[in-house]
Amino acid sequence: MKPLGLVVLCLSMVGVFQAPLRAQARDYIYIAGSSTVYPFSTVVAEQFGKALGFKTPKVESTGTGGGFKLFCAGVGVEHSDISNASRAIKKSELETCVNNGVREVVEVRIGYDGIVLANSKKASPMQLRLKDIFLALAAQIPDPKGGSALVKNPYKTWKDVNPSLPDQKIEVLGPPPTSGTRDAFLELAMEKGALELETLKALKQTDKKAFKKVAHSLREDGAWIDAGENDNLIVQKLWANPRAMGVFGFSYLDQNTDKLQGAHVEGVAPTFESISAQQYPLSRPLFFYVKKAHVGSIPGILEFVQEFTDEKAWGPEGYLADKGLIPLPEAERSAMREAARAMKPMAVQ
């Protein structure tokens, strides 16, 4: 055989052997998204792998926004099957999904969580108002000297914000912009705190976009520090630095009560009971989203959903409650279980 013919034959043989590998489906579930949902999803994945004979799913903590980017990028083995989220999927994200061929998305609300502001037990406990949180962390605030002008945040200590708070530097470690926890914190703490100020309350009435820009802009002078998606790392840093505070999901506080304490917000402590009763001001729902097109192609997706929505997992006495998940009320849990197991997709408007 001539050399050129041999080369052509070899290249064609490579194509023959590579094609089946490209077409071969994954034999495990790929999950990515929220760092808050990550510990719950990981526990379910471990139980699922042990009990049901499937490979243990791969679970990554990328943040809610990062998880949706992976999830909505398309259909196929190179894309994630399930996206964990500490907020509901945005309309723009769902549109991206549809535009990339991900046309059927199943939303599963799994329970509730509280966003906590916590510090080391070596430090004094904090009693915060929503107004205090905004004034401490907003990039711009109404001029403390009076008038309606907005000025660069001048406050250096918590005592500057509120004379009843400790005379210590404002230093808060929190999640980055890709995090659903940050999105929820901006909405539940910063926006509501801004509305406690008459100037900003009036601004919302006249210019909602301008109000939101002010309410959602965090300081960049060291008072707020983006600490990444690893909430366990924030916990470690708080223990090492008693002067700092951290923002993360309740489950991380619940698992570290020997080291950390959660600030009371508007007089309410972040507890299992106060979050479940929706009394704690910074309570929010948690979700995961399933790519229906992958069900049947990637083994075990439906069985994973069944495991997650089983009472032994997400019920009041389930193993996820032991990890800090606040269960849905019984009627809501029953309806969500039925819809999830039926793989009922969201309506796309």
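Scroll up to find the structure.
Residues numbered from 1 in each chain as written. Predicted model: local features only at pLDDT ≥ 70, side-chain atom pairs only at ≥ 80, totals over all residues. Heavy atoms only, no water.

Peer 1: Please set out the packing of helix α8 (residues 198-206) against helix α9 (residues 208-215) residue by residue, giving values where relevant.
Peer 2: Direction vectors running N to C along α8 and α9 enclose 140 degrees, while the axes themselves pass 6 Å from each other. Of the possible angle classes, the one that applies to α8 and α9 is oblique. Two secondary-structure elements touch here, α8 through L200, L203, K204 and T206 and α9 through K208, A210, F211 and V214. Grouping the amino acids of the contact of α8 with α9 by side-chain chemistry returns 5 nonpolar, 1 polar and 2 charged. (Axes fitted to C-alpha atoms, helices over the stretch in contact; angles between N-to-C directions. Helix = DSSP H or I, 4+ residues; strand = E, 2+ residues; numbered from the N terminus. Parallel < 35°, antiparallel > 145°, perpendicular 65-115°, else oblique. Contact = heavy atoms within 4.5 Å. Nonpolar A, V, L, I, M, F, W, Y, C, P; charged D, E, K, R; others polar.)

Peer 1: So, the state of the cysteines: which residues are in play, and what are the values?
Peer 2: Summed over all chains, the structure comprises 1 disulfide. The disulfide bridge from C72 ends at C97, spanning 2.0 Å between sulfur atoms. The sign of the S-S torsion, about -65 degrees, decides the handedness of the disulfide formed by C72 and C97: left-handed. Taken as a pair, C72 in the loop between α3 (64-71) and β3 (82-85) and C97 in helix α4 (residues 91-99) lie far apart in primary sequence, 25 residues in all. An identical accessibility class is assigned to C72 and C97; each is buried. (Disulfide = S-S within 2.5 Å. Buried < 20%, exposed > 50% of the residue type's maximum accessible area, 1.4 Å probe, protein only.)

Peer 1: How would you summarise the side chain of H79 if you had to cite specific residues and measurements?
Peer 2: Mapped onto the fold, H79 is located in the loop between α3 and β3. Once residues within four sequence positions are removed from consideration, H79 is found in contact with R26, Y30, L70, A73, G74, K291 and H294.

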